[in-house]
Amino acid sequence: MTFQWPAMLALLVLVPLVVVGYASSQRRRARRAAGLAAQGLVTTTAGTRRGARLHLPFVLFTAALTLLVVAFARPSAAIDTVRRTATVVLAFDVSNSMGAADVKPSRLAAAKTVGDAFVRQQPSGVRVGVVAFGTSSVAVQRLTSNHVAALQAISRLTLGGGTAIGQGVLTALNVIAGKTLRINESALGTENGQVHIGYYGGSTIVLLSDGEDKTQQGPLPMARLASVAGVRIQTIGVGTRAGTTVNVDGFSIATALNSQTLQSMANVTNGSYHQAGDATGLQAISRSINLHFAVAKAYTEITAVFAVAAAIMLVAGALLSLAWLGRVV
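All values derive from a computational prediction rather than experimental measurement.

Novice: Hey, could you run me through the overall build of the protein chain in this one?
Specialist: What the protein chain contains, in helices and strands, is 11 helices and 10 strands. Here the C-alpha coordinates of the protein chain stretch approximately 115 × 45 × 35 Å along the principal axes. The buried share among the 329 residues of the protein chain stands at 42%. For the protein chain, the exposed surface amounts to about 16,900 Å²; the carbon and sulfur share of it is 59%. Of the charged side chains in the protein chain, 27 are positive and 12 negative, and the gap between their average positions amounts to 31 Å.

Novice: Quick question: what am I supposed to make of helix α8 (residues 220-228) here?
Specialist: Two residues of an α-helix separated by three or four positions point the same way, owing to the 3.6 residues in each turn. Of all the residues in α8, the buried ones are Pro221, Met222, Ala223, Leu225 and Ala226. Directly beyond the C-terminal end of α8, a positive phi value near 80 degrees is found at Gly230.

Novice: Would you mind going over a positive patch on the surface with me for this structure?
Specialist: Residues Arg27, Arg28, Arg29, Arg31 and Arg32 make up a contiguous surface patch of positive charge. Position of Arg31 relative to the elements: it lies in helix α1 (residues 14-38).

Novice: Explain the nonpolar core here, please?
Specialist: The nonpolar side chains of soluble globular proteins are, as a tendency, buried together. In terms of nonpolar packing, the biggest core is built from 30 residues, with Val169, Leu173, Ile205 and Leu207 touching the most fellow members. Where this core is concerned, the elements lending two or more residues are β2 (75-93), β3 (126-133), α6 (165-177), β5 (204-209), α8 and α9 (259-268). At 8 residues, α6 tops the list of elements feeding residues into this core. Aside from chain neighbours lying at most four places away, what touches Leu207 is Ala91, Phe133, Ile165, Val169, Ile233, Gln234, Thr235, Ile236, Leu262 and Met265. Among the nonpolar cores identified, the runner-up in size contains 28 residues, and Phe92, Ala111, Val130 and Leu208 belong to it.

Novice: Looking at this model, I keep getting lost on the side chain of Ser209. Mind explaining?
Specialist: As for its position among the elements, Ser209 is in strand β5. Here the side chain of Ser209 touches Gly211 through a polar contact of 2.9 Å, landing on its backbone nitrogen. Apart from the residues within four sequence positions on either side, Ser209 is in contact with Asp93, Met98, Phe133, Ile165, Ile236, Gly237, Val238, Leu257 and Leu262.

Novice: I keep staring at helix α3 (residues 56-72) and nothing clicks. Help me out?
Specialist: Here α3 is 17 residues long and its end C-alpha atoms lie 25 Å apart, about the 24 Å a rise of 1.5 Å per residue gives. Along α3, the residues classified as buried are Pro57, Phe58, Leu60, Phe61, Thr62, Ala64, Leu67, Val69, Val70 and Ala71. Summarising the contacts, the buried residues of α3 are in contact with β1 (2-3), α1, β2 and α11 (303-325).

Novice: Even after reading the chapter, I still don't get a nonpolar patch on the surface, so can you show me in this structure?
Specialist: A surface patch of nonpolar side chains, about 510 Å² in accessible area, is lined by Leu11, Val13, Leu14, Leu17, Val18 and Phe72. Along the chain, Leu11 turns up in the loop between β1 and α1. Given the relative accessible area of 33%, Leu11 is considered partly exposed.

Novice: Whenever I open this one, unusual backbone geometry confuses me. Can you help?
Specialist: Note: most peptide bonds trans; most residues except glycine with negative phi. For the bond running from Lys104 to Pro105, omega is -5 degrees, close enough to zero to count as cis. Of note in the backbone geometry, Arg74 takes a positive phi value of approximately 55 degrees without being a glycine. Unlike most non-glycine residues, Asn270 shows phi in positive territory, near 65 degrees. By the secondary structure assignment, Asn270 is in the loop between α9 and β9 (273-275).

Novice: Is there a simple way to explain the pairing of strand β7 (residues 244-248) in this structure?
Specialist: Regular strands place side chains that alternate from one sheet face to the opposite one. Of the strand pairs in this sheet, β7 and strand β8 (residues 251-255) are connected by 5 bridges, and their pairing is antiparallel. Note that in β8 the partner of Thr244 across the bridge is Thr255.

Cut-offs applied
Residues numbered from 1 in each chain as written. Predicted model: local features only at pLDDT ≥ 70, side-chain atom pairs only at ≥ 80, totals over all residues. Heavy atoms only, no water. Helix = DSSP H or I, 4+ residues; strand = E, 2+ residues; numbered from the N terminus. Buried < 20%, exposed > 50% of the residue type's maximum accessible area, 1.4 Å probe, protein only. Areas by Shrake-Rupley, 256 points an atom, 1.4 Å probe, with all protein chains shown as cover. Lys, Arg positive; Asp, Glu negative; His and termini not counted. Charge placed at Lys NZ, Arg CZ, Asp CG, Glu CD. Patch = residues over 30% accessible without salt bridge, like charges linked within 9 Å, V, L, I, M, F, W, Y side chains within 5 Å. Salt bridge = Lys/Arg side-chain N within 4 Å of Asp/Glu carboxyl O. Core = buried A, V, L, I, M, F, W, Y, C linked by side-chain atoms within 4.5 Å. Contact = heavy atoms within 4.5 Å. Polar contact = N/O pair within 3.5 Å; in protein donor to acceptor, adjacent residues only side chain to side chain. Expected span 1.5 Å × (residues − 1). Pairing = 2+ DSSP bridges.

Shape descriptors only; they carry no functional weight alone.
In structure tokens, the structure reads:
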């Protein structure tokens, strides 16, 4: 259990003070009763007949006070809830070629726009992660239902390095699995090489890239690994087939959209390929997201539970006090 206003718990110091005050008043009452009994005005068994009933209303009042203080602190508890959920990782190509301006204002800017629009289309139950890849890759946002955090991660992406699409896919798989997967990459390139990383059916990688890959092995072995794990790759091509040039460290380098690579990756995983700027394609990808029912822990404020319990105890204590003692307090 957690508290939104934990400082309010300091008021619990009132509880022992109230108990001390009550015990003191009971001692004074007992001394007065003993004095009256010595004068023959009351019987000495008057208090014992009521037994525990004498103190039960106070116990209820004290418990109610404790619950009210806890309620003031606004408690929250992790509660298992059934909700529709899905897992999506956006993998962005941030290599230097994504700085090309054949798509205005640049390929990376266009990819960010597409990614931003995609996240905004998703229902709250979809967990979104963000991966950036160039020569190497990094998870810039772990899976989260906080779509604002995912949008902020997308906005922070910057250019740098060459292109290794397969590394981007592997890091996306790490994010989906929630751990660093250990694989034998040399086995991926063999026809009969079987690499098992577990099954994550229903998860989706949305890969935004110009499709240019500078590795010898290429991205298809990693796509096949994703397919075996039950992960679908939806690819979005950013750039034009005609291409353009981009300046990297003083050198002018030709770059163009390689849609064939992206289409092949999508086909291997039973996904689909779309061009950036294709709103219909983006909607199709959103519809393909596998929303399913799952039990998840969610922190829910339970202030009302404590407040209602305190009210019940206050009413019960008051009624018992009136019935047994002829007074509320």
